[in-house]
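# Analysis of the macromolecular model
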Amino acid sequence: MNDTDYHVAPAQGFWVFVLILVTIVIAALWAAHQMDTAGHAITGMNNQVVWGLPHVFAVFLILCASGALNPASLSTVFGRTRYAPIARLSGVFAICLLVGGLVVLVLDLGRPDRLQVAITTYNFRSIFAWNVLGYTGFIVIVGVYLACFMDNAPRGAVKAAGYVAFAWRVLLTSGTGAIFGFLVAREGYDAAILVPLFVAISFALGTAFFLIGLVLSFRWSGQVPDSEVLKKLGRLLAIFVLVVLYLVAVQTLTSLYSGRQRGVVEFLLFSGGVYPVLFWLGQVGLGSILPLMLLYSRRSRGCASILTASVLVLVGGLCQLYVLIIGGQVYPLRIFPGYRASSSFFDGVVTYYVPSLWEVLLGVGGVAMAVLLCLVAMRILPLLPRALPLKPGTLVRDP
Amino acid sequence: MAAGDTSTLPRREFLGRASALAGLVVSFAPGMRLIDLAAAKPDGEAASAEVRWGMLVDATRCVSGCDACVKACATEHGLEMTDRPEIDAQWIRKVDLIDENTGREISLPVMCQHCEDAPCVAVCPTGASFRREDGIVLVNKHTCIGCRYCMMACPYKARSFIHINLVGQRTHSPRGKGTVESCTFCVHRVDRDREPACVEACTAAGHQALLFGDLSDNEGELAHRLSEVQTQQLRSDLGTNPGVHYHGL
């Protein structure tokens, strides 16, 4: 709860952005329709790589959603009142990102028309089923949390909702990590450390997305966000990126040391063609080292640096998820340890995956859907706190 | 109506008597298998937990290059190959193995292992993947949403996703675009007291590398063979307890 004065985003440029985003969303829906009528044969997915680019985008958006709630959690759970004015934006971003991710996930199903079955018939042994409940719960809980601080509810109610939302988002992201971490048969995934790793990735990606949204939405309304908030969130982003790097290093070294998973790690890091490139160049170089340099360098601590670092973290996150999700599938299952296997069903060989245009459209469409919902929410709800006016002609201002 | 006047027998009674007579004649007619079918599970009766269907794959008898079991499965279930093998459904496949230490070559079929603790059943969000009481793992084609999580979880790569529109499916083998499928142990045959098509084809080819039966029947041939020869289950380290056992690995 705070005394900040809020306003809706200005009309200027709104319809242009909406038009662009709606066009992308329609293209995504068209792609999904094609996949639904012709079958997944028109995608790059096959019986070896069963989760393709849409899953990468879906997981990316779901992790972003959880992490975008960071500023709200910092304000309510950790008592950092400086973030209270932007808590509304944080909650709305979280819901919109999750919806974007879920849209991609649902439209990539073999039978998206059976969504009703998915939300009414549960196998409670399935981590996926837990996640379905987790997603729904997240939207409801964050919605209540949002309503609490938008309606100036008593401090106790806001705090209670904040604590529940924080716990729920950690559980939700843990569940997403568990979907992969508990796949014991696949050497690329079988690791409990994927659970905390996904939580850390969500903190990094969500903070990065929030920073971009914060700067751009403030600029849209001709204002400058609190420079101290930007600086602190930038530092937090750096810490999250370091934690992700640390967990990836631990997972990688453990796998290399144990021997059982050495083959898949060597494949993903050194010999696997596109995957090592995405790992070293995308995830580590562009997505981690460069943002850390931008965020820690004394000379480039400006708002533009934070914005650039945030974009790079998102690019790195996409690369990381691509390597993890796709790379983990193209590497063959070891059904017969001690034997070299071959068959007409691609046993024993590295398979291939090239995403189709349909999948690219669907994945990007999910991001467009999330951004579109954020824009519409900002236009109709008083989410933006009044802040300092932006200097004419400046993109961003140094904090 | 006068007593004993059969010329005015009510139609329902007449049909009943006529059916009984026809049934009696047909039951004893040469070549008919109504007596055999009496041992099959009647329609509507649930599978029994007293049975655990399983299979022994004898790799020492399986012949490299022979794909009689694969062809029989494809014919039985209407699995048609396309020019894109990466998306073709394969319920059973022949795998050629070379021992990395000795160079020994082995050929054997791999299909759904019908695990006791099946990962596909555990991960299925809607419960479409399920295990019958008699151990046969199936997919309910009405509640499968095509999420493919079961394919990710299966340690044996035994499942296929239908990537294309299908026509001319077999009535006993429901299949449809956008859903996942795998070997059913030819449940439609097993419930009629017949062997799976692959087993029948392997026997017909003279190899007898596949033996199907009830794992819990100590007097049965399968249990007898399992007690005689050394066998192993694929990825037994995962604790899934497959119903398919391999000899000669």
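As the structure is a prediction and not an experimental result, all values here were calculated from the model.

## Some remarks on the overall build of chain A
Within chain A, the regular secondary structure consists of 13 helices and 5 strands. Against the globule reference of 21 Å for 399 residues, chain A gives a C-alpha radius of gyration of 21 Å, in line with a compact fold. Taken across its 399 residues, chain A has 54% of its residues classed as buried. Here the contacts in chain A between residues at least 6 apart in sequence split such that 79% fall between residues at least 24 apart.

## Some words on the overall build of chain B
When you go through chain B residue by residue, the secondary structure sums to 8 helices and 10 strands. Per-residue burial over chain B gives 41% buried out of 249 residues. Look at the contacts in chain B between residues 6 or more apart in sequence, and 61% of them connect residues 24 or more apart.

## What to know about the sheet that holds strand β2 (residues 92-99) of chain B
Ordered by their spatial adjacency, 3 strands build an open sheet running β3(A)-β2(B)-β3(B), and the pairing between neighbours is antiparallel. Edge positions in the sheet fall to β3 (339-343) of chain A together with β3 (105-111) of chain B, since each has one partner strand and no second. In this sheet, adjacent strand axes meet at a mean angle of 30° when their direction is disregarded. In this structure, β2 of chain B lies alongside β3 of chain B, joined through 7 bridges in antiparallel fashion. Bridge pairing links isoleucine 98 of chain B to glutamate 105 of chain B in β3 of chain B. Contacts between helix α3 (residues 68-77) of chain B and the sheet are confined to β2 and β3 of chain B, with β2 of chain B contributing the most and set at about 160° to the helix.

## Side note on the confidence of the model for chain B
Residue and element names in this part refer to chain B. Chain-level pLDDT for chain B is 88 on average; 84% of the residues reach the 70-or-more range. Contacts for the low-pLDDT stretch residues 1-8, under 50 throughout, to residues beyond four places or in other chains number 1 contact. Counting interchain partners and residues more than four positions distant, the pLDDT-below-50 stretch residues 23-38 has 7 contacts. Prediction confidence for the complex, expressed as pTM and ipTM, is 0.91 and 0.93 respectively.

## Focus: the packing of helix α9 (residues 227-258) of chain A against helix α11 (residues 274-296) of chain A
Residues and elements named next belong to chain A. As a packed pair, α9 and α11 sit with axes 10 Å apart at the nearest point and diverge in direction by 150°. Here α9 lies roughly antiparallel to α11, going by the angle between them. By crossing handedness, the relation of α9 to α11 is classed as left-handed. Taken together, the residues of α11 that come into contact with α9 (itself represented by Gly234, Leu237, Ala238, Val241 and Leu245) are Ser288, Pro291, Leu292, Leu295 and Tyr296. Along the lines of polarity and charge, the residues of the contact of α9 with α11 split into 8 nonpolar, 2 polar and no charged.

## What about the interface of chain A and chain B?
Taken together, the contacts link 39 residues of chain A with 45 residues of chain B. The set of elements that each furnish at least two residues to the side of chain A that touches chain B consists of α5 (115-120), α6 (127-150) and β3 of chain A. The dominant element in the side of chain A that touches chain B, judged by the number of residues it contributes, is β3 of chain A, at 5 residues. Across the side of chain A that touches chain B, the residue classes break down as 20 nonpolar, 13 polar and 6 charged.

## Topic: the environment of glycine 103 of chain B
Mapped onto the fold, glycine 103 of chain B is located in the loop between β2 and β3. The spacing of glycine 103 of chain B and histidine 247 of chain B is 144 residues in sequence and 18 Å in space, taken between C-alpha atoms.

## Description of helix α12 (residues 303-330) of chain A
Along its 28 residues, α12 of chain A runs 40 Å from first to last C-alpha, staying within 8% of the 40 Å computed at 1.5 Å per residue. Within α12 of chain A, 24 of the 28 residues are buried, leaving the element largely enclosed by the surrounding structure.

## Looking at unusual backbone geometry
All names here are of chain B. We note that histidine 114 has phi near 45°; this positive angle belongs to a residue other than glycine. Mapping histidine 114 onto the fold places it in the loop between β3 and α4 (119-123). For histidine 114, a count of 28 C-beta atoms within 10 Å gives the class buried.

## What to know about the environment of phenylalanine 93 of chain A
All names here are of chain A. Within the secondary structure, phenylalanine 93 sits in helix α4 (residues 87-107). Placed 25 residues apart in sequence, phenylalanine 93 and alanine 68 show a C-alpha to C-alpha distance of 6.3 Å. Look past the residues within four positions of phenylalanine 93 in its chain and what remains in contact with it is Ala68, Phe209, Phe210, Gly213 and Cys374.

## What about the packing of α3 of chain B against helix α7 (residues 197-204) of chain B?
Residues and elements named next belong to chain B. As a packed pair, α3 and α7 sit with axes 8 Å apart at the nearest point and diverge in direction by 135°. When the interaxial angle is binned, α3 and α7 end up oblique. Where α3 crosses over α7, the two elements pack in a sense that is right-handed. Contact residues: Ala68, Cys69, Lys71, Ala72, Cys73 and Glu76 in α3; Ala197, Cys198, Glu200, Ala201 and Cys202 in α7. Looking at the contact of α3 with α7 residue by residue, the class counts come to 8 nonpolar, no polar and 3 charged.

## Overview of the nonpolar core
Residues Leu61, Leu97, Ala204 and Leu237 of chain A are the most contacted members of the largest nonpolar core, which totals 204 residues. Excluding residues that lie within four positions of it along the chain, leucine 237 of chain A makes contacts with Ala204, Thr207, Ala208, Leu211, Leu295, Ala309, Ser310 and Val313 of chain A.

## As for α4 of chain A
Spanning 21 residues, α4 of chain A covers 31 Å between terminal C-alpha atoms, matching the ideal 30 Å at 1.5 Å per step. α4 of chain A sits mainly inside the fold: 19 of its 21 residues count as buried.

## A word on the sheet that holds strand β8 (residues 210-214) of chain B
Where strands meet in a sheet, backbone hydrogen bonds hold them as pairs that are either parallel or antiparallel. Residue and element names in this part refer to chain B. Taken in spatial order, the 4 strands make up an open sheet running β8-β1-β10-β9, and their pairing is mixed. A single partner strand is all that each edge strand has here, and the edge strands are β8 and β9 (231-232). By the bridge criterion, 5 bridges tie strand β1 (residues 53-58) to β8 in an arrangement that is antiparallel. Residue pairing across strands places tryptophan 53 opposite aspartate 214, the latter belonging to β8.

## Regarding the environment of valine 195 of chain A
Residues and elements named next belong to chain A. By the secondary structure assignment, valine 195 is in helix α8 (residues 194-220). The exposure class assigned to valine 195 is partly exposed, which follows from the 18 C-beta atoms found within 10 Å. As a C-alpha pair, valine 195 and isoleucine 179 span 16 residues in sequence and 8.8 Å in three-dimensional space. Other than its neighbours up to four places away in sequence, valine 195 contacts Ser174, Gly177, Ala178 and Gly181.

Quick notes on the rules
Sequence order as written defines the numbering, with residues in each chain counted from 1. All chains are assigned letters beginning with A, and all ligands numbers beginning with 1, in the order in which they are written. For a predicted model such as this one, the threshold for reporting local features is a pLDDT of at least 70, and the threshold for listing and counting side-chain atom pairs is 80 or more; totals across whole chains, interfaces and linings nevertheless cover every residue. The way it works is that DSSP assigns letters per residue, a run of H or I at least four long becomes a helix, a run of E at least two long becomes a strand, and they are numbered from the N terminus. Only C-alpha atoms enter the radius of gyration, while the globule expectation follows 2.2 Å times N to the 0.38, with N the number of residues. Three classes are used. A residue is buried when 20 or more other C-beta atoms lie within 10 Å of its own, exposed when 12 or fewer do, and partly exposed in between, with C-beta atoms placed from the backbone. Whether two residues are in contact is decided by their C-beta atoms, placed from the backbone, lying within 7 Å. Here, any two strands with at least 2 DSSP bridges between them count as paired. To get an axis, a line is fitted to the C-alpha atoms, and for a helix only the part in contact is used. The angle between two axes follows their N-to-C directions and goes from 0 to 180 degrees. Each residue carries a pLDDT score, the predictor's confidence in it, ranging from 0 to 100. Roughly parallel refers to an angle under 35 degrees, roughly antiparallel to one over 145, roughly perpendicular to one between 65 and 115, and oblique to any angle outside these ranges. Take the far helix as your reference; a near helix turned counterclockwise from it by less than a right angle gives a left-handed crossing, and one turned clockwise gives a right-handed crossing. Think of it as three bins: nonpolar holds Ala, Val, Leu, Ile, Met, Phe, Trp, Tyr, Cys and Pro, charged holds Asp, Glu, Lys and Arg, and polar takes everything else, Gly as well. Each helix should span, by expectation, one fewer than its residue count multiplied by 1.5 Å. Put simply, a nonpolar core is a cluster of buried Ala, Val, Leu, Ile, Met, Phe, Trp, Tyr and Cys residues tied together by C-beta atoms within 7 Å.

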